[in-house]
Amino acid sequence: CGGCDLLHCSYVLQLSSKKEMVSECLARIGKIRELPDMEMIASPEFGYRQRAQFKVDGGRKSVGLYKRKSREVVAIPHCPLLRPALNTLLARSEEMIELLPGGVDQIKLIEGRHGSVASSPVLPGLCSATTIVRAGRFDFQVSGDSFFQGNAYLCEKLGAWARPSVQGDCFADVYGGVGFFSAFLHDLFSSGVIVDDVEQQVDLARRNLKDNGITNVTSQVDTAERFLVGPFSPAIDCLIVDPPRQGLSAGAREGILRRGPATILYVSCNPSTQARDLGGLIVSGGYFIDRMALFDLYPNTHHVETAALLRKR
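Throughout what follows, the structure given in this document is the object of discussion. (Residues numbered from 1 in each chain as written. Predicted model: local features only at pLDDT ≥ 70, side-chain atom pairs only at ≥ 80, totals over all residues. Heavy atoms only, no water.)

**Examining the side chain of Asp 196**
In step 1: Examined against the element boundaries, Asp 196 turns out to sit in strand S10 (residues 189-196).
In step 2: Despite its burial, Asp 196 pairs with no opposite charge, the nearest such side chain being Arg 226 at 10 Å.
In step 3: A distance of 2.9 Å separates a polar side-chain atom of Asp 196 from the backbone nitrogen of Gly 177.
In step 4: In contact with Asp 196, not counting residues within four places along its chain, are Tyr 175, Gly 176, Gly 177, Gln 201, Val 202, Gln 220, Val 221 and Asp 222. (Helix = DSSP H or I, 4+ residues; strand = E, 2+ residues; numbered from the N terminus. Buried < 20%, exposed > 50% of the residue type's maximum accessible area, 1.4 Å probe, protein only. Lys, Arg positive; Asp, Glu negative; His and termini not counted. Salt bridge = Lys/Arg side-chain N within 4 Å of Asp/Glu carboxyl O. Polar contact = N/O pair within 3.5 Å; in protein donor to acceptor, adjacent residues only side chain to side chain. Contact = heavy atoms within 4.5 Å.)

Shown next as structure tokens:
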């Protein structure tokens, strides 16, 4: 398939190349010159991926992954990046095909505790609608199509990375999904709110808060833009944003500048859009990057996850 585009490189070279790529984006796109030393958090190279999308070719009755630079499905029985339970399913493609509704071209899956797997659409007898993913001391109930971190080994490190650097009265976790960052950081604040525009994810966030005994955080359905420009009391001391690949919209960036939180934790899977957004916040909002880290959530591919901690000057 076309996923492992860096498999031919040594892991040391992969890490240095990714660091160079992120630094180049910050300088060229974000026009950012003052950068702290970038922390590098490495991962085991194989068997790390707990979330996946299997592609389906209904005509040929095959399940697998896309061929490089195409939408041709490559039927493979085993992927070295996947967690064991996902590979077990990949090897049972004929059974999956029989269980799928017509017209489905992909299956979203996530592996949880004890090898259980949630999928969307649900595959009766093989997968369930939800599963429990353990990260650090927290349990997160997720659905097959939940937004959740893909690397089973680095979840705790990513969630806890900002703990030494944030605290205050109130935080807001925008694009908060099922409550991942809120769980890891909630005890450093008096109160917090999770904001997501997908009602199912907000429902799961509420359940996860309850199941983990977190009582000082609420969760609400709203877009980032409406929440950030709307009324909110008390003031936000720390804003957490983990947007999709397209980064922050113009409305979200404007809302952040209007609110002016003292600290921003910006987590991103796209160095280009993150560099654009950070550059704008630095120039227009008076922020600087206090800490930055590269989490290699996807070894043997070009994908990276970065976290930047911004402070008001």
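More follows now that the structure is in view.
**Section: unusual backbone geometry**
In step 1: Omega for the peptide link from Ser 120 to Pro 121 comes to 0°, which places this bond in the cis form.
In step 2: Positionally, Pro 121 belongs in the loop between strand S6 (117-120) and strand S7 (130-135).
In step 3: Non-glycine residue Lys 69 carries a positive phi angle of around 55°.
In step 4: Summarising the element assignment, Lys 69 is placed in the loop between strand S3 (62-66) and strand S4 (73-74).
In step 5: In this structure, Asn 300 is a non-glycine residue whose phi angle is positive, near 70°.
In step 6: Following the sequence through the fold, Asn 300 ends up in the loop between strand S14 (287-295) and strand S15 (305-312).

**Quick look at helix H6 (residues 199-211)**
In step 1: The end-to-end C-alpha separation of H6 is 18 Å, in line with the 18 Å expected for 13 residues at 1.5 Å each.
In step 2: Those residues of H6 lying buried are Gln 201, Val 202, Leu 204, Ala 205, Asn 208 and Leu 209. Relative to the axis of H6, the buried residues are bounded by an arc of 160° and lie together on one face. Opposite the buried face of H6, at more than 90 degrees from it, the exposed residues are Glu 199 and Lys 210.
In step 3: Of the surrounding elements, those touching the buried residues of H6 are strand S8 (138-143), S10 and strand S11 (217-221).
In step 4: Within two residues after H6, Gly 213 carries a phi angle of roughly 70°, on the positive side. (Expected span 1.5 Å × (residues − 1). Arc of directions from axis to C-beta.)

**Some thoughts on empty space enclosed by the protein**
Sizing a probe to match a water molecule and rolling it over the atoms shows the empty space that remains.
In step 1: Under the definition given, this model contains 1 cavity of 30 Å³ or more.
In step 2: Lining the largest cavity are Phe 147, Phe 148, Gln 149, Asp 173, Tyr 175, Gly 176, Gly 177, Val 178, Phe 180, Phe 181 and Asp 242.
In step 3: Of the residues assigned to the lining of the largest cavity, the class counts are 6 nonpolar, 3 polar and 2 charged. (1 Å grid on protein atoms, 1.4 Å probe; cavity = no way out; pocket = protein on both sides within 12 Å on 5 of 7 lines; lining within 4 Å. Points joined across faces, edges and corners; volume = space filled by probe spheres on them. Nonpolar A, V, L, I, M, F, W, Y, C, P; charged D, E, K, R; others polar.)

**A word on the packing of aromatic side chains**
In step 1: Under the defined criterion, the tally for this structure stands at 9 aromatic pairs.
In step 2: Pairing Trp 161 with Phe 295 gives two aromatic rings, centres 6.4 Å apart and planes at 85°, and the pair type is edge-to-face. Of the two residues, Trp 161 is situated in the loop between helix H4 (155-160) and strand S9 (168-174) and Phe 295 in strand S14; the sequence distance between them amounts to 134 residues. Summarising the burial analysis for this pair, Trp 161 and Phe 295 share the class buried.
In step 3: Here Phe 180 and Phe 181 contribute two aromatic rings whose centre-to-centre distance is 5.0 Å and whose plane-to-plane angle is 80°, an arrangement assigned as edge-to-face. In this pair, the class of Phe 180 matches that of Phe 181, namely buried.
In step 4: Taken together, the ring pairs connect Phe 138, Phe 140, Phe 148, Phe 180, Phe 181 and Phe 184 into an aromatic cluster.
In step 5: Its end group placed over the ring of Phe 227, Arg 259 keeps NZ or CZ at 5.3 Å from the ring centre.
In step 6: When the ring centre of Trp 161 is taken as origin, the NZ or CZ atom of Arg 291, which lies over that ring, is 4.1 Å away. (Phe/Tyr/Trp six-rings, centres within 6.5 Å; stacked < 30°, edge-to-face > 60°. Lys NZ or Arg CZ within 6 Å of the ring centre and 35° of its normal.)

**So, the nonpolar core**
In step 1: Membership of the largest hydrophobic core comes to 62 residues, with the highest contact counts inside it found for Phe 54, Phe 140, Phe 148, Phe 180 and Leu 265.
In step 2: Here this core gets 5 residues from one element, more than from any other, and that element is helix H5 (residues 180-185).
In step 3: Not counting chain neighbours up to four residues away, the residues in contact with Leu 265 comprise Trp 161, Ala 162, Leu 185, Leu 239, Ile 240, Val 241, Ala 307, Ala 308 and Leu 309.
In step 4: In this structure, Val 22, Cys 25, Ala 252 and Tyr 266 belong to the second largest nonpolar core, which totals 31 residues. (Core = buried A, V, L, I, M, F, W, Y, C linked by side-chain atoms within 4.5 Å.)

**Overview of the environment of Gly 144**
In step 1: Within the secondary structure, Gly 144 is located in the loop between S8 and H4.
In step 2: Taking the relative accessible area as the measure of exposure, Gly 144 reaches 3% and is therefore buried.
In step 3: A C-alpha to C-alpha distance of 7.8 Å links Gly 144 and Val 117, two positions 27 residues apart in sequence.
In step 4: Here Gly 144 is in contact with Lys 108, Leu 109, Ile 110, Ala 118, Ser 119, Ser 120 and Ala 129, once residues within four sequence places are set aside.

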